[in-house]
Amino acid sequence: MKMQKYVGLDVHKDTTVIAVAEGGRTGEVRLYGQVSGDLGALEKVLRKLGGEGVALHVAYEAGPTGFVVQRRLQQLGIDCIVVAPSKTPQPKGGRQKNDQRDAVMLARLHRAGELTAIHVPDTVDESIRDLTRARSDAVHDLTRAKQRLKAFLLRQGYRYSGKANWSEAHQRYLRELVLPLPALKAVLEECLMTIDQGVKRVARLEDLISAQVPGWRMYPAVQALMCLRGFQLTAAAVLVAELGDVRRFDHPQHLMAFLGLVPRQNTTGETRRLGAITKAGNAHARWILVEAVQHAFLPPKVSAPLALRQQGQPAAYRELSWKTQVRLHKRGWHLLHRGVMKAKVTVALARELSGFVWDLLRQVPAPKA
């Protein structure tokens, strides 16, 4: 029978601190030392710790260094998990925190089975996720550039009186605007140039998504999601890339909790208090659900673009799509007529939409590894 050793890593860009817990409840937990952030140095240490008749179990917290360490250790046949920092038990009354203490704590908790492992996507899935997040970053930068231009014009006393901002009429107004001083003219031109570059950047990334996603192993799930109203290719790709295979969620409530769409709870005895949503978990997926659910306030309808996206898909997908529209529209207007704030209604509908997404994506055949 192999000896079990539990290794806790506190991984940083330049250094990695290593702690080891011997198998058994009373086994020694000791700080092993610190190595450089190079993978070769870590492999050398783990080979020394392993050896004949020793099984290593490694754990480290998710962070900016990504999953490079986990993937390399899996290639070497070493059991390794990446844990969620938000779900790592913290000692009460702790006044000191450093890398050494964190590594020792990880080793001890890993031996006790108290750590919660997160889902680690493969390299292709992560590349698609990075591509969709790059598009989200580009949209955010474009929005900030537009806000800066509007703030600049407002400080100079210029207000657009048209109906819609950033329409063709609004953009024509901006191009024809004449400011009195050369410096102000230069600022206006720079802002307009930044916005134009931002629009082109978003368009380039959307073209890349359209080119890369059809060859992805999760594309059937993207096609299934596009059967729902409010999900075109980009939105569907964003959500699938963030969620991965939904079969890892045994119940829709687990998915809702992962998305941070469940309310905070403080219950003791017979007193039950519910607060705002937790906003824990995946913010990108939560954002795209909130955006997509805006269509629920419109009357249920299968538009021509939606019918085109549903063409060739199983009847079960189309039936669930219609059921989703009817349910969310009815629920949304019921809450609005009760006087609930629209922002709260939107979040409630996004939570329900995540349940329909869970049901739909579980009907898609499992992707090949």
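Look up a bit, the structure's there.
Here's a quick rundown of the structure. Computed from a predicted model, the values in this text were never measured in an experiment.

Brief notes about the packing of aromatic side chains
- What the rule picks out here adds up to two aromatic pairs.
- Seen in terms of ring centroids, Tyr-160 and Tyr-173 are 5.2 Å apart; in terms of plane orientation they differ by 45°. Their pairing is tilted. In this pair, Tyr-160 is assigned in the loop between helix H4 (123–155) and helix H5 (168–176) and Tyr-173 in helix H5, connecting sequence segments 13 residues apart.
- Given a relative accessible area of 25%, Tyr-160 falls into the partly exposed group.
- By relative accessible area, Tyr-173 is classed as partly exposed at 24%.
- Plain terms: the ring middles of Phe-249 and Phe-258 are 5.3 Å apart, the flat faces sit at 50° to each other, and that makes the pair tilted.

Things to note about the side chain of Gln-325
- Relative to the assigned elements, Gln-325 resides in helix H12 (residues 315–337).
- Its relative accessible area of 7% is what places Gln-325 among the buried residues.
- Among the polar contacts made by the side chain of Gln-325, one reaches the main-chain amide nitrogen of Lys-301 at a distance of 2.8 Å.
- Beyond its immediate sequence surroundings of up to four residues, Gln-325 is in contact with Arg-229, Pro-300, Lys-301 and Leu-306.

Thoughts on H12
- Its 23 residues place the ends of H12 33 Å apart at the C-alpha level, agreeing with the 33 Å of an ideal helix rising 1.5 Å per residue.
- Taken residue by residue, H12 has Tyr-317, Leu-320, Ser-321, Thr-324, Gln-325, Leu-328, His-329, Gly-332 and Leu-335 as its buried positions.
- Gly-339 lies just past H12 and shows a positive phi near 90°.

Here's the deal with the pairing of strand S7 (residues 271–277)
- Sheet analysis places strand S6 (residues 263–268) next to S7, joined by five bridges and oriented antiparallel. Directly across from Gln-265, in S7, lies its bridge partner Leu-274.

A look at helix H10 (residues 283–292)
- The set of residues buried in H10 consists of Ala-285, Arg-286, Ile-288, Leu-289 and Ala-292. Taken end-on, H10 shows its buried residues confined to a sector of 165°, consistent with a single buried face.
- Those residues of H10 that are buried are in contact with helix H8 (233–243), S7 and helix H13 (342–362).
- The backbone nitrogen of His-284 has a side-chain oxygen 3.1 Å away, supplied by the residue at the start of H10, namely Asn-282.

Conventions adopted
- Residues numbered from 1 in each chain as written.
- Predicted model: local features only at pLDDT ≥ 70, side-chain atom pairs only at ≥ 80, totals over all residues.
- Heavy atoms only, no water.
- Phe/Tyr/Trp six-rings, centres within 6.5 Å; stacked < 30°, edge-to-face > 60°.
- Helix = DSSP H or I, 4+ residues; strand = E, 2+ residues; numbered from the N terminus.
- Buried < 20%, exposed > 50% of the residue type's maximum accessible area, 1.4 Å probe, protein only.
- Polar contact = N/O pair within 3.5 Å; in protein donor to acceptor, adjacent residues only side chain to side chain.
- Contact = heavy atoms within 4.5 Å.
- Expected span 1.5 Å × (residues − 1).
- Pairing = 2+ DSSP bridges.
- Arc of directions from axis to C-beta.

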